[in-house]
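Close look at the chain arrangement
Residue-level listing of the chains:
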Amino acid sequence: MDLETVKERAGPRQFSPEDDMPEEYRKAATRMIQFHANSEVMGGYLEKPFIRQAPSLDRKLAFSAKVQDEVGHAQLLYRAAESLGIKTREEMLNELATGKGKFLNCFHYPMESWAEVPMIGFFVDGAAMRRQATLKTTSWEPYAHAMDKVCFEEGFHVKHGEDILRELMTGSKANQERVQEVFDEWWPRILQFFGPTDDKSTHNDFSQDVGLKTMSNDELRNAFLNAYVPQGAQVRPRTPRHPPCH
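Residues numbered from 1 in each chain as written. Predicted model: local features only at pLDDT ≥ 70, side-chain atom pairs only at ≥ 80, totals over all residues. Heavy atoms only, no water.

**Structural notes on the overall build of the protein chain**
- Along its length, the protein chain carries ten helices and zero strands.
- For the protein chain, the N- to C-terminal ordering of α and β elements is α-α-α-α-α-α-α-α-α-α.
- Computed over its C-alpha atoms, the radius of gyration of the protein chain comes to 20 Å, within 12% of the 18 Å expected for a compact globule of 246 residues.
- Taking the principal axes of the C-alpha coordinates as reference, the protein chain spans close to 80 × 35 × 30 Å.
- Taken across its 246 residues, the protein chain has 45% of its residues classed as buried.
- Residue pairs at least 24 apart in sequence account for 75% of intrachain contacts in the protein chain once pairs closer than 6 positions are excluded.
- The averaged location of the 37 negative side-chain charges in the protein chain is 6 Å from the averaged location of its 31 positive side-chain charges. (Helix = DSSP H or I, 4+ residues; strand = E, 2+ residues; numbered from the N terminus. Rg over C-alpha atoms; globule rule 2.2 N^0.38 Å. Buried < 20%, exposed > 50% of the residue type's maximum accessible area, 1.4 Å probe, protein only. Contact = heavy atoms within 4.5 Å. Lys, Arg positive; Asp, Glu negative; His and termini not counted. Charge placed at Lys NZ, Arg CZ, Asp CG, Glu CD.)

**Some details on the side chain of S16**
- Position of S16 relative to the elements: it lies in the loop between α1 (3–9) and α2 (23–47).
- Looking at S16, its side chain comes within polar contact range of the side chain of E18, at 2.7 Å.
- Setting aside residues up to four positions removed in sequence, S16 forms contacts with W140 and E141. (Polar contact = N/O pair within 3.5 Å; in protein donor to acceptor, adjacent residues only side chain to side chain.)

**Some remarks on the state of the cysteines**
- In total, this model carries zero disulfides according to the counting rule given.
- Free cysteine C106: the closest other cysteine sulfur is in C151, separated by 17 Å.
- According to the relative accessible area criterion, C106 is buried, its value standing at 1%. (Disulfide = S-S within 2.5 Å.)

**Let's talk about helix α7 (residues 141–169)**
- Under the 1.5 Å per step criterion, the end-to-end length of α7 is 41 Å for 29 residues, consistent within 8% with the ideal 42 Å.
- Its maximal kink placed at D148, α7 deviates by approximately 25°. (Expected span 1.5 Å × (residues − 1). Bend = angle between axes of the 7 residues up to and from the residue.)

**With respect to the packing of aromatic side chains**
- Taken as a whole and assessed by the stated rule, the structure comprises 15 aromatic pairs.
- With centroids separated by 5.6 Å and ring planes inclined at 50°, the aromatic side chains of F194 and F224 adopt a geometry described as tilted. Taken together, the residues F194 in the loop between α8 (173–191) and α9 (204–209) and F224 in helix α10 (residues 217–234) connect sequence positions 30 residues apart.
- With relative accessibility at 4%, the residue F194 sits in the buried group.
- Taking the relative accessible area as the measure of exposure, F224 reaches 0% and is therefore buried.
- Between F224 and Y228, the aromatic rings sit 4.6 Å apart at their centres with planes inclined by 25°, giving stacked as the arrangement. With F224 and Y228 both in helix α10 and four residues apart, the pair spans about one turn of that helix.
- Aromatic ring contacts, followed pair by pair, group F122, F123, F183, W187, F193, F194, F224 and Y228 into a single cluster.
- The ring of Y109 carries the charged tip of R189 above its face, separated from the ring centre by 3.9 Å.
- For R189, the ring lying beneath its charged end belongs to W186, and the centroid distance is 4.7 Å. (Phe/Tyr/Trp six-rings, centres within 6.5 Å; stacked < 30°, edge-to-face > 60°. Lys NZ or Arg CZ within 6 Å of the ring centre and 35° of its normal.)

Here it is in structure tokens:
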């Protein structure tokens, strides 16, 4: 199948490992899915230390499950990338381990306090859901199938992050102030999740032409802002209740 035919036929779950795909498509899809898989690994790696720092047993159990989910997502995605025939899973993991594998910019920053946990769980995972929901209609069928499971579990992660954020923002004044500080620090990083603006992106047009992506970086970023700015405004600091004096 030549590249022009791919562009003409590109549609949801249109292509599978049985199809004779052009090299340009295989390389572009491998690069995209490998980046996604690497990001799942590094997100889980960044969050893992906070299993022990979680303030209750319930939080520890939930957070442990979340980290396990992220690693499981990576395994699904490496398999989807491997099915393109360009790289093996071992090669991709080795590239990540040696610093050659790329991943989301926001996972390059350290996390130092529990107040930062909802920055990933609510905002970054929420941004991921915006992007990943569109990938259920990607043209590479194994990638779309992986997204069915990933999106189902990420929905729980976002709710978990929202619950932690709400708990912190209705708690002590010190907690509220700390969350505001880390939000101010993380917000620019969160917006970088969607990649460069469309006028500076080198892969957007091709990925959309062959059906790997269905929305551009700017379209995804704007959809996220339209949904999350109102949600964030609802989580306002509230003066905690104190027991009556006797």
